[in-house]
Amino acid sequence: MATFKPLEQLLYEACAQGRIEEVELLLARSVYPNCETNDGQTPFWIACQNGRTEVVKVLLNDERVLVNKANHNSQTPFWIACEKGHVEVVNLLLNDERIDVNKANSDDQTPFWIACYNGRTEVVKLLLNDENIDINKADKGNTTPLYIACEKGHVEIVKLLLNDERIDVNKATISDDQTPFWIACYRKHIEVVKLLLSDERIDINKNNRGGTRQNGIAFPQGTPFLIACRSEVTEIAQHILASGKEVDLNEKDNEGNTIIDVVRNQIDQIEQQQQQQQHRQQYRQQHQHQQHQPRMKTFEYDPAPYEARKKKTIETIELLESFKRNPTETRTKLRNQLGLPGKI
């Protein structure tokens, strides 16, 4: 906390805690309203973060208050209200023409972007109804609000965005060329995938570059359909095929493998992982016996998850082989199975 003058400290705390009468009294005594903490948080900023609606109203009526003053992470009061999902505060600020509604933080994430990221559905509704909001502004990695909502699996927000014709539904990230549809398939968000498939604007075949890393894990390379087939969630591949959108089973990856080849190879990979876990348990048991140590309970090999993964992978292989033999018949059966209306 910065070194406030005594009355400034009282004002900051009163705004943070929503003590409206105390705030009004201190402002009437001409206490400086833009004092800030070491993090750059002003009384107005902290009132917006904490959702103190009545305090925000009072501060907005004081001409001295710097309503767009950001903290040291470039997060404005409006930005933080959107992040926290304080609908009433957001609504107040939207109705004040002084507010910079698109000012981004240090990562180029706008208030609209962060609302989509955090799943703040009611805030997103408010922002979509304001023509001043830039609803396609991406962050530093070219991650759009739609992309991040798809990655996080926020179904209701994805639905809202798809219903807005201004949304760029296929804008890909810079580092790896991943579209919103690609990331939804990769994250196994079935309901999001279904929503995207119902939009005729969606490009379901856009390949990514692959190889980039997130939290130490490299993204695989391939089309959304290949990623879906590798995901061990058969339902995603089923919905893609049932949609009637064009897919190419003969497309090959960088190693010359078709989609069916890649999925077949997964059986071997799962079995290798299973064997490694078996050997790991055998080694520990032998080591404990030789050292006359009590049996450790930190690791117990369980074959069930591996068998379940193999079963799902086999289901996907059978689905792909069926589609390769007779695409129309397979799609018709899938639409009936999934309860999808009408014909392709």
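Residues numbered from 1 in each chain as written. Predicted model: local features only at pLDDT ≥ 70, side-chain atom pairs only at ≥ 80, totals over all residues. Heavy atoms only, no water.

### What to know about the overall build of the protein
Step number 1: Broken down by element type, the protein carries 17 helices and two strands.
Step number 2: On C-alpha atoms alone, the protein measures out to a radius of gyration of 27 Å, which is more than a quarter above the 20 Å that the 2.2 N^0.38 rule sets for 344 residues.
Step number 3: Here the C-alpha coordinates of the protein stretch approximately 80 × 65 × 35 Å along the principal axes.
Step number 4: With 344 residues in all, the protein has 47% of them scored as buried.
Step number 5: Restricting to contacts in the protein with at least 6 residues of sequence separation, those with at least 24 account for 67%.
Step number 6: Taking the average location of the 43 positive side-chain charges in the protein and that of its 50 negative ones, the two points are 5 Å from each other. (Helix = DSSP H or I, 4+ residues; strand = E, 2+ residues; numbered from the N terminus. Rg over C-alpha atoms; globule rule 2.2 N^0.38 Å. Buried < 20%, exposed > 50% of the residue type's maximum accessible area, 1.4 Å probe, protein only. Contact = heavy atoms within 4.5 Å. Lys, Arg positive; Asp, Glu negative; His and termini not counted. Charge placed at Lys NZ, Arg CZ, Asp CG, Glu CD.)

### Things to note about the nonpolar core
Step number 1: One finds Leu127, Leu161, Phe225 and Ile240 to be the most contacted residues of the largest nonpolar core, which totals 92 residues.
Step number 2: Once residues lying within four places of it in the same chain are set aside, the contact partners of Phe225 are Ile204, Ala237, Ile240, Leu241, Val247, Leu249, Ile259 and Leu320. (Core = buried A, V, L, I, M, F, W, Y, C linked by side-chain atoms within 4.5 Å.)

### Section: helix H17 (residues 327-338)
Step number 1: With 12 residues, H17 ought to run about 16 Å at 1.5 Å a step, and its terminal C-alpha atoms sit 16 Å apart, in line with that.
Step number 2: Tucked into the core, H17 has its buried residues touching helix H14 (234-242) and helix H16 (304-325).
Step number 3: Two residues or fewer past H17, Gly339 is found with a positive phi of approximately 70°. (Expected span 1.5 Å × (residues − 1).)

### Side note on the pattern of salt bridges
Step number 1: Using the criterion set out here, one finds 18 salt bridges in the structure.
Step number 2: Glu156 is the salt-bridge partner of Lys159, the closest N and O atoms lying 3.6 Å from each other. Of this pair, Lys159 and Glu156 both sit in helix H10 (residues 155-162), three residues apart, which is roughly one turn of that helix.
Step number 3: With relative accessibility at 34%, the residue Lys159 sits in the partly exposed group.
Step number 4: For Arg166, the salt bridge identified is with Asp164, shortest N-O distance 2.7 Å. (Salt bridge = Lys/Arg side-chain N within 4 Å of Asp/Glu carboxyl O.)

### A closer look at the environment of Ile133
Step number 1: Within the element layout of this structure, Ile133 appears in the loop between helix H8 (121-128) and helix H9 (145-152).
Step number 2: Assessed through its relative accessible area of 5%, Ile133 is described here as buried.
Step number 3: In sequence terms Ile133 and Gln221 are 88 residues apart; their C-alpha atoms lie 34 Å from each other.
Step number 4: Discounting residues that sit within four places of it in the chain, Ile133 has contacts with Leu94, Val101, Asn102, Phe112, Leu127 and Arg166.

### Considerations on H14
Step number 1: Of all the nine residues making up H14, eight are buried; the element is thus mostly covered by neighbouring parts of the structure.
Step number 2: Along H14, the positions that sit buried rather than exposed are Thr234, Ile236, Ala237, Gln238, His239, Ile240, Leu241 and Ala242.
Step number 3: Looking at the packing, one finds that the buried side of H14 touches helix H11 (180-186), helix H12 (190-197), helix H13 (224-230), H16 and H17.
Step number 4: With its phi angle positive at about 85°, Gly244 sits one or two positions after the end of H14.

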